[in-house]
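Summary of the model geometry
Here are the chains, one letter per residue:
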Amino acid sequence: NAGVTQTPKFQVLKTGQSMTLQCAQDMNHNSMYWYRQDPGMGLRLIYYSASEGTTDKGEVPNGYNVSRLNKREFSLRLESAAPSQTSVYFCASSHRGRDTEAFFGQGTRLTVV
Amino acid sequence: RKEVEQDPGPFNVPEGATVAFNCTYSNSASQSFFWYRQDCRKEPKLLMSVYSSGNEDGRFTAQLNRASQYISLLIRDSKLSDSATYLCVVNMVTNAGKSTFGDGTTLTVKP
């Protein structure tokens, strides 16, 4: 029962470094999402992918890129990390459609120093 | 104005109390509604969907008022284990399943 798996769980980066957050789901979901959550705040959508081969910007896409490698995997890349990107990042997936539950990974706690 | 607004709380209540959270949404085209629960430093998980007719799951009751554009969550007989942040979530049909999250309401149930 893996569900949504994110790696790594924790990461510390120096300003200007790059990294890729990995996400994979085994529930055959079409839609996948990347969110960030800052302290005391809700989730803000960075990018989402409604199906394999498509990606769209969410509310806060600046400084990020994504790749929907296949139906299972959706990665998030920070090309040049900034302290403002210190946050908890959640990957999620769901079946397509309005009434479907989103399943989340355990999160990646990223600190940029 | 945020698309989805919640009272951040915190709500501090004794065990056994009844507590209610409200959430308002700004887009009248919103079609489906949910409450998620998030424990400290964990991922959000679906608590319940919210249907037009209202729905109940044990001690939890969710209501939707489309005319006033708000949803509510009522928790009866609060337990210590109910302590968490409750997130209001709204989906629109045109957004390919994309969800908009409120900032959450924090509940602490005390002995």
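Let me sum up the structure you'll find in this document.

Conventions and cut-offs
Residues numbered from 1 in each chain as written. Chains lettered and ligands numbered in written order. Predicted model: local features only at pLDDT ≥ 70, side-chain atom pairs only at ≥ 80, totals over all residues. Heavy atoms only, no water. Helix = DSSP H or I, 4+ residues; strand = E, 2+ residues; numbered from the N terminus. Rg over C-alpha atoms; globule rule 2.2 N^0.38 Å. Buried < 20%, exposed > 50% of the residue type's maximum accessible area, 1.4 Å probe, protein only. Contact = heavy atoms within 4.5 Å. Areas by Shrake-Rupley, 256 points an atom, 1.4 Å probe, with all protein chains shown as cover. Lys, Arg positive; Asp, Glu negative; His and termini not counted. Charge placed at Lys NZ, Arg CZ, Asp CG, Glu CD. Pairing = 2+ DSSP bridges. Axes fitted to C-alpha atoms, helices over the stretch in contact; angles between N-to-C directions. Core = buried A, V, L, I, M, F, W, Y, C linked by side-chain atoms within 4.5 Å. Salt bridge = Lys/Arg side-chain N within 4 Å of Asp/Glu carboxyl O.

Turning our eyes to something else, we now look at the overall build of chain B. A tally of helices and strands in chain B yields zero helices and eleven strands. Overall, chain B shows an N-to-C arrangement of helices and strands of β-β-β-β-β-β-β-β-β-β-β. The C-alpha atoms of chain B give a radius of gyration of 14 Å, which matches the 13 Å a tight globule of 111 residues would have. Its C-alpha atoms give chain B principal-axis dimensions of about 45 × 30 × 25 Å.

Once that is clear, we can look at the overall build of chain A. Summing up its helical and strand segments, chain A has zero helices and eleven strands in all. The secondary structure elements of chain A, listed N-terminal to C-terminal, are β-β-β-β-β-β-β-β-β-β-β. Relative to the 2.2 N^0.38 estimate, which gives 13 Å for 113 residues, the radius of gyration of chain A is 13 Å and therefore close to what a compact globule would have. The principal-axis extents of the C-alpha atoms in chain A amount to approximately 40 × 25 × 25 Å. Within the span of chain A, comprising 113 residues, buried residues form 49% of the whole. Long-range pairs, those at least 24 residues apart, make up 55% of the contacts in chain A between residues at least 6 apart in sequence. Of the roughly 5300 Å² that chain A leaves accessible, carbon and sulfur atoms contribute 47%. Positive and negative charge centroids in chain A, built from 12 and 9 side chains respectively, lie 4 Å apart.

Here the focus is the sheet that holds strand β6 (residues 55–57) of chain B. Hydrogen bonding along the main chain pairs the strands of a sheet, whether they run parallel or antiparallel. All names here are of chain B. The five strands lie next to each other as β1-β3-β8-β7-β6, forming an open sheet whose pairing is antiparallel. Strand pairing shows two members of the sheet lacking a second neighbour, β1 (4–6) and β6, which therefore form its edges. Ignoring which end each strand starts from, the neighbouring axes of this sheet average 20° apart.

Within the largest apolar cluster, 23 residues are counted, with the highest numbers of intra-cluster contacts made by F21, W35, I71, L73, I75, Y86 and L107 of chain B. Listing elements by their share of this core, those giving two or more residues are β3 (19–25), β4 (30–38), β5 (45–50), β7 (60–65), β8 (70–75), β9 (84–92) and β11 (105–110) of chain B. Those residues in contact with Y86 of chain B, other than ones at most four positions away along the chain, are Q6, F21, W35, Y36, R37, L47, F60, L73, I75, G104, T105 and L107 of chain B. The next biggest cluster of nonpolar side chains, apart from the first, holds 20 residues, and it includes L13, C23, V66 and L78 of chain A.

Residue and element names in this part refer to chain A. With respect to the helices and strands, the residue E59 is situated in the loop between β6 (56–57) and β7 (64–68). Of the residues examined, E59 reaches a relative accessible area of 57% and is grouped as exposed. With 14 residues separating them along the chain, E59 and L45 place their C-alpha atoms 5.3 Å apart.

Okay, the pattern of salt bridges next. Close approach of charged atoms allows side chains of opposite charge to pair. Residues and elements named next belong to chain B. Inspection of the entire model under this criterion finds eight salt bridges over all chains. Here R59 ties to D82 by a salt bridge, and the two come within 2.8 Å at their closest N and O atoms. Note that R59 is positioned in the loop between β6 and β7 and D82 in the loop between β8 and β9, a separation of 23 residues in sequence. According to the relative accessible area criterion, D82 is buried, its value standing at 2%.

Now for unusual backbone geometry. Cis peptide bonds are those with omega within 30 degrees of zero, and the linkage from T7 of chain A to P8 of chain A qualifies with -5°. Its location among the elements puts P8 of chain A in the loop between β1 (4–7) and β2 (10–13). With an omega of 5°, the peptide bond running from G9 of chain B to P10 of chain B counts as cis. Along the chain, the position of P10 of chain B falls in the loop between β1 and β2 (11–14). At N28 of chain A, a residue that is not glycine, the phi angle is positive and equals roughly 60°. On the secondary structure map, N28 of chain A appears in the loop between β3 (19–25) and β4 (31–37). Positive phi, normally seen in glycine, also occurs at Q69 of chain B, with a value near 60°.

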